[in-house]
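Letter by letter, the chains look like this.
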Amino acid sequence: MKILKILIHIILILLLTAITQVGGVVYIISLVIKISLIKKIRLNRKLFFCGIFTVVYFFFSILIVPPIAKSYGREALPVFSNKNLKPLNIMTCVLNRHYVRPELKQNIKSVAKKMSKKYPNTILSYLDANFPFYNGFPLLPHLSHNDGKKLDVAFFYKNKLGDELNRKAPSFMGYGVFEEPKHGEYNAPKNCENKGFWQYSILDKFVPQWNKDDMVFDSNRTKSMIQLMLKEKSTGKIFIEPHLKTRMNLQNNKIRFHGCRAVRHDDHVHLQIN
Ligand SMILES: [Zn+2]
C-alpha cells in the first residue's frame, strides 16, 4: 500500500512537471509542509494538501518564477496589462506556458499594437509559448517550443453576422478545430495521413467541436497579422497549413510547411524568431 502511495506521488510529480514545469517542485515542497504541519491541524488531509499546493503554486508562479526566468533570458507575455495582447485562455498563464525571449515579446507586442491601429479594438490572442527555464525542456505536446523562441497565436474569427470577435476561437484551448481545406485546395492533412503520419490530425479526435458552426474564419485580420509578423526583423519562420497560405495569397519564403511529423496548423499560427 505504501509503495502504491509513493508511486502515485511520483506520477503526479512527473505529470505536473510535464504540464507546468514548476508544478512538480511545488508538489514536493507542499508535501514537506503538509508532513510538518499535519499533527497541529485538524482538517481533512487531502483538502489541507490541496490548499497548501494552491497557495505555494501561485506564490511561486507570481513571485519566484518571473525573476528566475529573467536569468534564463525569458519573460512572461502580458496577462492583463496590455489591452492589445492577451492569452486566449488564462490557463496558458496559470500553467506557466507563456514565457518567451524579450525579442519575441517585443515582436508580438508590436504586431498587436499595429493590428489594433488597423482594426480598432482588436485583441491579439496568444496560445502556448514556452516554459520559463532551460533550453531543451519541451512544452508538450509542442516539441520545438523549448528555447523561448516559439509562440503560437490564435486565428481571428467573426460571428455569423460578420462582427469581429476577439479572444474567441471555436476551440476553448485554441487548438483542434480546423479551417479545413476547401474543395480544390491542396490537402496536406490528407496527404500526411496517407503517408502514415497518423498524429497529424490527432487533436480532431479529442477537442469538442461545439462552436465550429457559430464562427467564421476572419481571413482579413489573420492575413494582416501574418503580414505584420513578416515585417518584424526578428521573425524567422511562420508555420501555417499550405492551403491557408494559398487562400490568403501570402507569398513569403519565411512562411513554411512544418512537415508531416508535426501536427496541423490550420487552427493557429506558429511564429518563431531567429
Ligand atoms: Zn507552435
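Here the structure is a predicted model, which is why all the values come from computation and not from measurement.

1. Description of the domain arrangement of the protein
At step 1: As assigned here, the protein comprises domain 1 (2–71) and domain 2 (76–273).
At step 2: For domain 1 versus domain 2, the separation of C-alpha centres amounts to 32 Å.
At step 3: At the junction of the two partners, domain 1 supplies 13 residues and domain 2 supplies 11 residues.
At step 4: Of the roughly 1,100 Å² buried between domain 1 and domain 2 on both sides combined, carbon and sulfur atoms contribute 62%.
At step 5: Connecting domain 1 to domain 2 are zero salt bridges.
At step 6: Connecting domain 1 to domain 2 are five residue pairs in polar contact (both at pLDDT 80 or more).
At step 7: When contributions to the side of domain 1 that touches domain 2 are tallied by element, the ones reaching two or more residues are helix 1 (2–20) and helix 3 (45–71).
At step 8: Sorting elements by how many residues they give to the side of domain 1 that touches domain 2 places helix 3 first, with seven residues.
At step 9: Residues of the side of domain 1 that touches domain 2, tallied by class, amount to nine nonpolar, four polar and no charged.

2. Considerations on empty space enclosed by the protein
At step 1: Counted under the stated rule, the structure contains two cavities of 30 Å³ or more.
At step 2: The space that makes up the largest cavity amounts to roughly 50 Å³.
At step 3: Residue lining of the largest cavity: Leu88, Ser125, Ala154, Phe155, Phe156, Leu165, Asn166, Arg167 and Lys168, and that is the complete set.
At step 4: Looking at the lining of the largest cavity residue by residue, the class counts come to five nonpolar, two polar and two charged.
At step 5: Lining the second largest cavity we find Tyr157, Ala169, Pro170, Ser171, Gly174, Tyr175, Gly176, Val177 and Asp267.
At step 6: Residues of the lining of the second largest cavity, tallied by class, amount to five nonpolar, three polar and one charged.

3. Description of the coordination of the zinc ion
Each pair of donors in an ideal four-coordinate tetrahedral metal site encloses 109.5 degrees, whereas pairs in an ideal six-coordinate octahedral site enclose 90 or 180 degrees.
At step 1: At 2.1 to 2.2 Å from the zinc ion lie its protein donor atoms, namely His145 (NE2), Asp152 (OD) and His270 (ND1).
At step 2: Counting residues between consecutive donors of the zinc ion along the chain gives the motif H-x6-D-x117-H. Pair check on accessibility: histidine 145 and aspartate 152 agree, each one buried.

4. Here's the deal with the packing of aromatic side chains
Working definition: an aromatic ring pair is given by the centre-to-centre distance plus the angle between the planes.
At step 1: One pass over the structure, following the stated rule, counts 11 aromatic pairs.
At step 2: Taking 6.4 Å as the distance between ring centres and 65 degrees as the angle between the ring planes, the aromatic pair formed by tyrosine 27 and phenylalanine 53 counts as edge-to-face. Placement of the pair is tyrosine 27 in helix 2 (residues 23–37) and phenylalanine 53 in helix 3, with a sequence separation of 26 residues. The residues tyrosine 27 and phenylalanine 53 share a single accessibility class, namely buried.
At step 3: Relative to tyrosine 134, the ring of phenylalanine 133 lies with its centre 6.4 Å away and its plane at 75 degrees, an arrangement referred to as edge-to-face.
At step 4: Here phenylalanine 133 falls in the buried class, since its relative accessible area comes to 10%.
At step 5: Every member of this aromatic cluster is reached through a ring pair, and the members are Tyr27, Phe49, Phe53, Tyr57 and Phe58.
At step 6: The side chain of arginine 264 reaches across the aromatic face of phenylalanine 178, ending 4.0 Å from its centre.

5. Observations concerning the pairing of strand 5 (residues 150–154)
Within a regular strand, the side chains alternate between the two sheet faces.
At step 1: Across the five residues of strand 5, five count as buried, placing the element largely inside the fold.
At step 2: By the alternation rule, side chains of strand 5 split into Lys150, Asp152 and Ala154 and Leu151 and Val153, which are all buried.

Calculation criteria
- Residues numbered from 1 in each chain as written.
- Predicted model: local features only at pLDDT ≥ 70, side-chain atom pairs only at ≥ 80, totals over all residues.
- Heavy atoms only, no water.
- Domains from an automatic or database assignment.
- Contact = heavy atoms within 4.5 Å.
- Buried area = accessible area lost by both parts, 1.4 Å probe.
- Salt bridge = Lys/Arg side-chain N within 4 Å of Asp/Glu carboxyl O.
- Polar contact = N/O pair within 3.5 Å; in protein donor to acceptor, adjacent residues only side chain to side chain.
- Helix = DSSP H or I, 4+ residues; strand = E, 2+ residues; numbered from the N terminus.
- Nonpolar A, V, L, I, M, F, W, Y, C, P; charged D, E, K, R; others polar.
- 1 Å grid on protein atoms, 1.4 Å probe; cavity = no way out; pocket = protein on both sides within 12 Å on 5 of 7 lines; lining within 4 Å.
- Points joined across faces, edges and corners; volume = space filled by probe spheres on them.
- Donors = N, O, S within 2.8 Å, 3.2 Å for Na, K, Ca; no water.
- Buried < 20%, exposed > 50% of the residue type's maximum accessible area, 1.4 Å probe, protein only.
- Phe/Tyr/Trp six-rings, centres within 6.5 Å; stacked < 30°, edge-to-face > 60°.
- Lys NZ or Arg CZ within 6 Å of the ring centre and 35° of its normal.

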